[in-house]
Amino acid sequence: MNREALALEMRGLREQVTGITDTAVAAADGLLIAADTAESIDPEGLAALAAAGLGLARRTTESTSRGVLRQTVAYGSHGCAAFYAVGDTALMVVLGDEGLDLERLHRATRPALDRIGSILTEKTTEGV
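Right, let's walk through the structure included here. No experiment lies behind these values; they were computed from the predicted model shown.

The next thing to look at is the environment of A48. Topologically, A48 is positioned in helix α2 (residues 43–63). Classification of A48 by relative accessible area gives partly exposed; the value is 39%. In the structure, A48 is positioned 32 residues away from Q16 in sequence and 26 Å away in space, judged by C-alpha atoms.

Spelled out as structure tokens, the structure:
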């Protein structure tokens, strides 16, 4: 896996959408893969919480026949946390402040998620 490419995707998303404060990519089981977070954020804890939240949302979507989960958003008094499925095996969490434009975020995130999915599934050629 190319962690540098993941970091570039996360940084690129932050540059495209005003209001993004932190991003992380994690495995569906909550293990951190990559993070671009402030020092005040525990990236491992964020990955675990995001996986738990996304898992509940995924299960709710499936049990209510709403199709495959794409995203969920938690709103707080100082911003929001958006959780995106990256296929069946990973997720991306994006934290934003009060100025985050969620519609713009959702539009910018779709192609980024496709690229992140490709990065996570590409085969390494080390040792070949």
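Text resumes after the structure shown.
Let us look at helix α1 (residues 3–16). With 14 residues, α1 should cover 20 Å at 1.5 Å per step; its first-to-last C-alpha distance of 20 Å lies within 8% of that length. A5, L6, E9, M10 and L13 are the residues of α1 that are buried. Viewed end-on, α1 has its buried residues packed into an arc of 140°, placing them on one side of the element. More than 90 degrees from the buried face of α1, the exposed residues found are E4 and E15. Among the structural elements, β1 (20–27), β2 (32–36), β5 (90–96) and α3 (102–121) are those in contact with the buried residues of α1. With a side-chain oxygen lying 3.2 Å from the backbone nitrogen of E4, the N-terminal cap of α1 falls on N2.

Criteria and cut-off values
- Residues numbered from 1 in each chain as written.
- Predicted model: local features only at pLDDT ≥ 70, side-chain atom pairs only at ≥ 80, totals over all residues.
- Heavy atoms only, no water.
- Helix = DSSP H or I, 4+ residues; strand = E, 2+ residues; numbered from the N terminus.
- Buried < 20%, exposed > 50% of the residue type's maximum accessible area, 1.4 Å probe, protein only.
- Expected span 1.5 Å × (residues − 1).
- Arc of directions from axis to C-beta.
- Contact = heavy atoms within 4.5 Å.
- Polar contact = N/O pair within 3.5 Å; in protein donor to acceptor, adjacent residues only side chain to side chain.

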